[in-house]
Amino acid sequence: MQRPGTPIRWAAAALLGVSALMAAEEARAAEYAQGVYVLGNRGPLAGVTPPPGFYFESETYFYQGDLGANRVFQGGGVVAAGVKNSTVANFASPIWVTPVEILGGNLGFSITIPFGTPDVSAAAVLSSPRIDRIIAGREHDAVFNVGDIYLASFVGWHAGNFHWTATALGVVPSGSFENGQLSNIALNRPALDLSGALTYLDPVLGYELSIVPGITFNWINPATRYLTGTEFHLEWSASKYLSKDLSIGLVGYFYDQLTGDSGSGDRIGPFKGRVVSLGGQVGYTFHAGEIPISTSVRVYREFDVRNRFQGTATYLTISAPLWVAPPKATAEAKPVVVKY
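Residues numbered from 1 in each chain as written. Predicted model: local features only at pLDDT ≥ 70, side-chain atom pairs only at ≥ 80, totals over all residues. Heavy atoms only, no water.

**Considering the overall build of the protein**
In terms of helices and strands, the protein carries one helix and 15 strands. Across the 340 residues that make up the protein, the buried fraction comes to 50%. Of the contacts made within the protein by residues no fewer than 6 positions apart, 68% connect residues no fewer than 24 positions apart. For the protein, the computed accessible surface area is about 15,500 Å², with 65% contributed by carbon and sulfur atoms. (Helix = DSSP H or I, 4+ residues; strand = E, 2+ residues; numbered from the N terminus. Buried < 20%, exposed > 50% of the residue type's maximum accessible area, 1.4 Å probe, protein only. Contact = heavy atoms within 4.5 Å. Areas by Shrake-Rupley, 256 points an atom, 1.4 Å probe, with all protein chains shown as cover.)

Printed below as a string of structure tokens:
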């Protein structure tokens, strides 16, 4: 039985939905307006591979942004307008750099398990798999969960002041995705990201320059039948070491979606997003006994945004060696500044 006023509320939602779609005809981006590759996670020394051993890295990620009043958003089957996103998440990564060499570079592996709470609100939900949640007013979701699993393999080389890596990253859905929910740290789309990183590090003058280009190939989200297009991303950093342990510098990233979205679940057309960011970083290494613990804070402010969230991203990174293999007697001396 319908409740009194339900037809009026549905009519209002439909009218609001038509108005929002007309206003945002050109406002389009990937599903959830974000990629599985988290922009800004590769900072200074991105091309430096540490010596063979086991390492652990923890990145705490804070993001706050919005799509704007006239932007239409689709995620988890939900089509909404006026969406805001405030996310707190952690990316925990055990890393193994093996003694195995490929073309003179060390082979390594890592696994990253994200967890956190995307706090997402919408001024209006235009359609949803949960029919009883179609409303003309605001909607809000904030759910803590474990995200999709990131499995990476990389090879790192060194030649004088130059260091570079090649990385293949696979994204495996964790099964925690909830269809019809605005808040999902798991995007539930398998993906393959291929990237390279090049770092120039002068340990005498204390200058560091890094650049990290990459491309993400997405498979369809089986729960929503939504296929996000191919995405290109580029990250960079330029830092100065004020001492062996303290550095400051500039960081930034660029993102451009190369192909449009598709799939039977895509309800608002082929989307293509773009974003540029600029920010700063401070890095400091302290010692717990003989164990060096590297920390850094990076802040990115986004601009020149098209069809994505626009906001501020902040990273707090802590990394340390768990065990490092003894150096070979004939091994070439490593740089003074080494990323752990």
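Moving on from the model shown.
**Observations concerning the nonpolar core**
Nonpolar side chains tend toward joint burial in soluble globular proteins. Counting residues in each nonpolar core, the largest one holds 37 residues, and the members touching the most others are Tyr61, Phe73, Val83 and Phe309. Here the element with the most residues in this core is strand β3 (residues 78-102); it accounts for five residues. Ignoring any residue separated from it by four or fewer positions in sequence, one finds tyrosine 61 in contact with Val38, Thr87, Val88, Ala89, Phe91, Ala313, Thr314 and Tyr315. (Core = buried A, V, L, I, M, F, W, Y, C linked by side-chain atoms within 4.5 Å.)

**Considering the packing of aromatic side chains**
Going through the model one piece at a time under the given rule, you end up with 15 aromatic pairs. A ring pair is formed by tryptophan 157 and tryptophan 164, whose centres lie 6.2 Å apart and whose planes are at 20°; its orientation type is stacked. Joined through ring pairs, the aromatic side chains of Tyr61, Tyr63, Phe91, Tyr253, Tyr300 and Tyr315 make up one cluster. Directly above the aromatic system of tyrosine 315 lies the positively charged group of arginine 298, at a separation of 4.7 Å from the ring centroid. In this arrangement the basic side chain of arginine 308 is found over the ring face of tyrosine 255, its NZ or CZ atom lying 4.1 Å from the centre. (Phe/Tyr/Trp six-rings, centres within 6.5 Å; stacked < 30°, edge-to-face > 60°. Lys NZ or Arg CZ within 6 Å of the ring centre and 35° of its normal.)

**Structural notes on the pattern of salt bridges**
With the rule as written, the count across this model stands at three salt bridges. For arginine 274, the salt bridge identified is with aspartate 304, shortest N-O distance 3.0 Å. With arginine 274 in strand β13 (residues 274-288) and aspartate 304 in strand β14 (residues 291-306), this residue pair connects regions lying 30 residues apart in the sequence. (Salt bridge = Lys/Arg side-chain N within 4 Å of Asp/Glu carboxyl O.)

**Considerations on a nonpolar patch on the surface**
A cluster of nonpolar side chains, Phe162, Trp164, Leu198, Ile211, Trp236, Leu250, Leu278 and Phe303, forms an exposed patch at the surface whose accessible area comes to about 700 Å². By the secondary structure assignment, phenylalanine 303 is in strand β14. Judged by relative accessible area, which is 38%, phenylalanine 303 ranks as partly exposed. (Patch = residues over 30% accessible without salt bridge, like charges linked within 9 Å, V, L, I, M, F, W, Y side chains within 5 Å.)

**Describing the pairing of strand β2 (residues 72-75)**
Working note: regular strand, side chains alternate between the two faces of the sheet. Side chains Val72 and Gln74 project from β2 onto one buried face, and the interleaved Phe73 and Gly75 project onto a second face that is buried too. The pairing of β2 with β3 spans four bridges and is classified as antiparallel. Residue glycine 75 lies in a different strand from β3, and its bridge partner there is valine 78. Between the antiparallel neighbours β2 and β3 lie two residues, among them glycine 76 with a positive phi of about 60°. (Pairing = 2+ DSSP bridges.)

**Details of unusual backbone geometry**
The backbone of alanine 33 sits at a positive phi, close to 55°, despite the residue not being glycine. Along the chain, alanine 33 falls in the loop between α1 (6-23) and β1 (53-66). Look at alanine 33 and you get buried, because its relative accessible area is 5%. A positive phi angle, near 65°, is found at leucine 45, a position not held by glycine. Looking at the element boundaries, leucine 45 is found in the loop between α1 and β1.

**Examining the environment of threonine 314**
Tracing the backbone through its elements, the reader meets threonine 314 in strand β15 (residues 310-324). Apart from the residues within four sequence positions on either side, threonine 314 is in contact with Thr60, Tyr61, Phe62, Val297, Arg298 and Val299.

**A closer look at the confidence of the model for the protein**
Averaged over every residue, the pLDDT of the protein is 87; residues scoring 70 or more account for 84%. Confidence drops under pLDDT 50 across residues 1-28; counting only partners more than four residues distant or on other chains, this segment forms 37 contacts. (pLDDT = per-residue confidence, 0-100.)

**Concerning the environment of asparagine 106**
When you line up the elements, asparagine 106 lands in strand β4 (residues 105-127). Sequence separation between asparagine 106 and phenylalanine 154 is 48 residues; the distance between their C-alpha atoms is 8.2 Å. Not counting residues up to four positions away in its chain, the partners in contact with asparagine 106 are Pro52, Val97, Thr98, Pro99, Val100, Glu101, Phe154, Val155 and Gly156. Among the polar contacts made by the side chain of asparagine 106, one reaches the main-chain carbonyl oxygen of threonine 98 at a distance of 3.1 Å. (Polar contact = N/O pair within 3.5 Å; in protein donor to acceptor, adjacent residues only side chain to side chain.)

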